[in-house]
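Chains, contacts and geometry: an overview
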Amino acid sequence: MLHILFLFSLILSSSSISNAADFCVADLMAAEGPAGFPCKAAAKVTADDFVYTALAKSGNTTNIISAAVSPAFVAQFPGVNGLGISIARLDLAPGGVIPFHTHPGASELLLCLHGHILAGFVSSANKVYIKKVGKGEIMVFPQGLLHFQVNAGKNSATAFVSFSSPDPGLQILDYALFGNDLPSKLVETVTFLDDAQVKKLKGVLGGTG
Ligand SMILES: *[C@@H]1O[C@H](CO)[C@@H](O)[C@H](O)[C@H]1NC(C)=O
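Computed from a prediction, not measured in an experiment: that's the story for all the values here. (Residues numbered from 1 in each chain as written. Predicted model: local features only at pLDDT ≥ 70, side-chain atom pairs only at ≥ 80, totals over all residues. Heavy atoms only, no water.)

Here we take up the overall build of the protein chain. Broken down by element type, the protein chain carries 4 helices and 10 strands. Mapped in sequence order, the helices and strands of the protein chain form the string α-β-β-β-β-β-β-β-β-β-β-α-α-α. On C-alpha atoms alone, the protein chain measures out to a radius of gyration of 22 Å, which is more than a quarter above the 17 Å that the 2.2 N^0.38 rule sets for 209 residues. With the principal axes as the frame, the protein chain shows a C-alpha extent of 80 × 40 × 35 Å. Relative to its 209 residues, the protein chain shows a buried fraction of 33%. Restricting to contacts in the protein chain with at least 6 residues of sequence separation, those with at least 24 account for 67%. For the protein chain, the computed accessible surface area is about 12200 Å², with 65% contributed by carbon and sulfur atoms. (Helix = DSSP H or I, 4+ residues; strand = E, 2+ residues; numbered from the N terminus. Rg over C-alpha atoms; globule rule 2.2 N^0.38 Å. Buried < 20%, exposed > 50% of the residue type's maximum accessible area, 1.4 Å probe, protein only. Contact = heavy atoms within 4.5 Å. Areas by Shrake-Rupley, 256 points an atom, 1.4 Å probe, with all protein chains shown as cover.)

Quick look at the state of the cysteines now. Tallied over the full model, the rule gives 1 disulfide. With a sulfur-sulfur separation of 2.1 Å, Cys24 is cross-linked through a disulfide to Cys39. When the S-S torsion is -105°, as for the bridge of Cys24 with Cys39, the disulfide is left-handed. With Cys24 in the loop between α1 (2-20) and β1 (67-72) and Cys39 in the loop between α1 and β1, the pair connects residues that are 15 residues apart, well separated along the chain. Relative accessible area serves as the criterion here: at 45%, Cys39 is assigned to the partly exposed category. (Disulfide = S-S within 2.5 Å.)

In this section: the domain arrangement of the protein chain. Domains assigned within the protein chain are domain 1 (67-169) and domain 2 (176-205). Put simply, the middle of domain 1 and the middle of domain 2, counted by C-alpha atoms, are 26 Å apart. (Domains from an automatic or database assignment.)

What follows covers the sheet that holds strand β9 (residues 157-163). The sheet built from 5 strands is open, its strands ordered β1-β2-β9-β4-β7 with antiparallel pairing. At either margin of the open sheet sits one strand with a lone partner, and together these are β1 and β7 (138-141). Along the sheet, successive strands turn relative to each other by an average axial angle of 20°, direction set aside. (Pairing = 2+ DSSP bridges. Axes fitted to C-alpha atoms, helices over the stretch in contact; angles between N-to-C directions.)

Quick look at the pairing of strand β3 (residues 97-102) now. The pairing of β3 with strand β8 (residues 147-151) spans 3 bridges and is classified as antiparallel. In the sheet register, Val97 faces β8, and the bridge partner there is Val150. Bridge analysis of β3 against strand β10 (residues 171-172) gives 2 bridges, and the strand direction is antiparallel. Its bridge partner being in β10, His101 is matched across the sheet by Ile172.

Here's what the structure looks like:
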C-alpha cells in the first residue's frame, strides 16, 4: 500500500513538472538565444498563441521568381518556440521558381497541395536527387543541403513545407552570391563566372560592388 502511494505521488509530481514545461511561447520582445526565445509568461498564454491563420491565403507571386514563400517560423508564429517544428507555404505561379537555397538549421518535408512541382537537392557528394511531385505527394530535403522547387505544370502550384526547427533559417544561393556588396572581381574569382554575367546578376538581384 505504501509502495503504491509512493509511486502515485511520484507520478503526480513528475506530471506537474512536465506540465510546467509543456510549452514556451516565444517572447519576441526579448533577444533570441541559441535555444530559442525566452518564454512568454504562462498566465498570459492563450489559445491564439497556438494558432496562425496567415497561411490560409496564397502569397503574392508578382515578383522576379513568380513565387512566394510565406513562413510560419518562430518570428511569425511564437507558439512553435522550443517545439522543434515550423511550417511555411509555397505558392508558385506558372513559371515560378524557389531558387537554390538551404536551411542551415532544419530538414524540410514538402507536401504538394495542388499542381506539379519539380524539386531537387544536391548532396554533400554533389549527387543530384530530383523528382516531380503532385497533389498529396511528399518529398524530404535533408538538413543544410542546397535544394530548389520549380513549378512543373501549366497552372499554379501550392505546397506546404514543414521544418524540424522553429527557426530553420533560409539562405538563397543567388542572393548570397549576387545580392550583396561582395566586390564583382571577387565574385568572378570564386565562381569562375565572367564579368558580364556577374554584373548582370548583381543588377537583377540588387547587389552592388
Ligand atoms: C503583389 O506585389 C506586387 C509587386 O510588389 C504589387 O504591385 C501588387 O500590388 C501586390 N498584389 C497584392 C494583391 O498585394
